[in-house]
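One letter stands for each residue in the lines below.
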Amino acid sequence: MKSIVWDFDDTIANSYPGIVSATQKSLRENFGISLSKDTIFKEAKKTSVRKFVTELLKDQDDVAQAVKVFYASYFRYEKEYHDKITLIPHIKNVLQYCDEQHYMQFIVTHRDQSIFPLTKSLGIEHYFKEVISVADGFKRKPDPDMLKYLINKYDLKKEDLWVVGDRKIDIDFGQSVGANTILLNSESVDFGEDYRVSDLLEIEKII
């Protein structure tokens, strides 16, 4: 049986406006760092918000504590945007298609426990066998920890496993266990992915 592991932010849901704005506000409020939203978006997409912010704060006396301070404000600001989060075009069509094909679908995300009310409010929670995040105590992507958990729990076959995401870490994540990878990105980038799509509907022809 085929199985699909979906990233959430900017793969299933258009949530980056809130993520970028919350990052911008928290950096300015706590550390006096002013960056444009475009800069934050581009840097966060390269790796992750956490990696980007940790690098920015590397000269702080206690980097770990500084990151904690950042996230205390970040989570508060990001939550204000939850009611503005919308689905990526055509994602419901693709989720429904995969459901009709009896594929097992999962979400693996760096997002905290907010992932659960979000999938419910967006009307997509019923498509997924399980939703897991680093808030459950797993290591962050691209470490294979969360994928290995799913593989072992559901006896997933690597040759039938697909990982879909919008960043290089999602591709590295899938390749860490030998899964097939699909990058959702309209730009001409090469992250070593097996397939790249600019429209989610293309996935139906690939999997």
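Our subject is the structure that appears above.
My aim in this report is to walk through the structure given alongside it, one point at a time. For clarity, every value in this text was computed on a predicted model and none was experimentally measured.

### Observations regarding the overall build of the protein chain
- For the protein chain, the helix and strand inventory stands at nine helices and eight strands.
- For a compact globule of 207 residues, the expected C-alpha radius of gyration is about 17 Å, and the protein chain comes in at 17 Å, within 12% of that figure.
- By the burial criterion, 49% of the 207 residues in the protein chain qualify as buried.
- Excluding contacts between residues fewer than 6 apart, the proportion of contacts in the protein chain whose partners are at least 24 apart in sequence is 61%.
- Summing over all exposed atoms, the protein chain offers an accessible surface of approximately 10100 Å²; the carbon and sulfur share of this is 48%.
- For the protein chain, the distance from the average position of its 29 positive side-chain charges to the average position of its 34 negative side-chain charges is 3 Å.

### A few points about helix α2 (residues 37-46)
- Listed in full, the buried residues belonging to α2 are Ile40, Ala44 and Lys45. Looking straight down α2, one finds its buried side chains confined to an arc of 120 degrees; they lie on one side. The exposed set on the far side of α2, more than 90 degrees from its buried face, consists of Lys42 and Lys46.
- As for α2, its buried residues are in contact with α1 (16-31) and α3 (49-56).

### Regarding the pattern of salt bridges
- For the structure on display, the rule yields 14 salt bridges.
- For glutamate 29, the salt bridge identified is with arginine 76, shortest N-O distance 3.7 Å. Of the two residues, glutamate 29 is situated in helix α1 and arginine 76 in helix α4 (residues 63-79); the sequence distance between them amounts to 47 residues.
- Its relative accessible area of 43% is what places glutamate 29 among the partly exposed residues.
- Its salt-bridge partner being glutamate 43, residue lysine 46 comes within 3.1 Å of it at the nearest N-O pair. Of this pair, lysine 46 and glutamate 43 both sit in helix α2, separated by three residues, roughly a single helical turn.
- Put simply, Asp7, Lys141 and Asp170 are held in one network by salt bridges that share partners.

### So, α1
- Over its 16 residues, α1 extends 22 Å from the first C-alpha to the last, a length consistent with the 22 Å expected when each residue adds 1.5 Å.
- All of the buried residues in α1 are Tyr16, Gly18, Ile19, Val20, Ser21, Ala22, Thr23, Gln24, Ser26 and Leu27.
- Residue glycine 32 follows α1 closely and has a positive phi angle near 65 degrees.

### A short note on the packing of α1 against α3
- Two numbers describe how α1 lies on α3: the axes approach to 12 Å, and their chain directions differ by 20 degrees. The orientation of α1 with respect to α3, classified from their angle, is roughly parallel. Regarding α1 and α3, the two cross each other, and that crossing is right-handed. Contact residues: α1 offers Ile19, Thr23 and Leu27, while α3 offers Val49, Val53 and Leu56.

### A closer look at unusual backbone geometry
- Look at the link from lysine 141 to proline 142: it is a cis peptide, with omega at 5 degrees.
- Assignment of secondary structure puts proline 142 in the loop between β5 (130-133) and α7 (145-154).
- In this structure, aspartate 10 takes a positive phi of about 70 degrees despite not being glycine.
- Residue placement: aspartate 10 occurs in the loop between β1 (3-6) and β2 (13-14).
- Judged by its relative accessible area of 14%, aspartate 10 falls in the buried class.

Thresholds applied
Residues numbered from 1 in each chain as written. Predicted model: local features only at pLDDT ≥ 70, side-chain atom pairs only at ≥ 80, totals over all residues. Heavy atoms only, no water. Helix = DSSP H or I, 4+ residues; strand = E, 2+ residues; numbered from the N terminus. Rg over C-alpha atoms; globule rule 2.2 N^0.38 Å. Buried < 20%, exposed > 50% of the residue type's maximum accessible area, 1.4 Å probe, protein only. Contact = heavy atoms within 4.5 Å. Areas by Shrake-Rupley, 256 points an atom, 1.4 Å probe, with all protein chains shown as cover. Lys, Arg positive; Asp, Glu negative; His and termini not counted. Charge placed at Lys NZ, Arg CZ, Asp CG, Glu CD. Arc of directions from axis to C-beta. Salt bridge = Lys/Arg side-chain N within 4 Å of Asp/Glu carboxyl O. Expected span 1.5 Å × (residues − 1). Axes fitted to C-alpha atoms, helices over the stretch in contact; angles between N-to-C directions. Parallel < 35°, antiparallel > 145°, perpendicular 65-115°, else oblique. Left-handed = near helix turned anticlockwise from the far one by under 90°.

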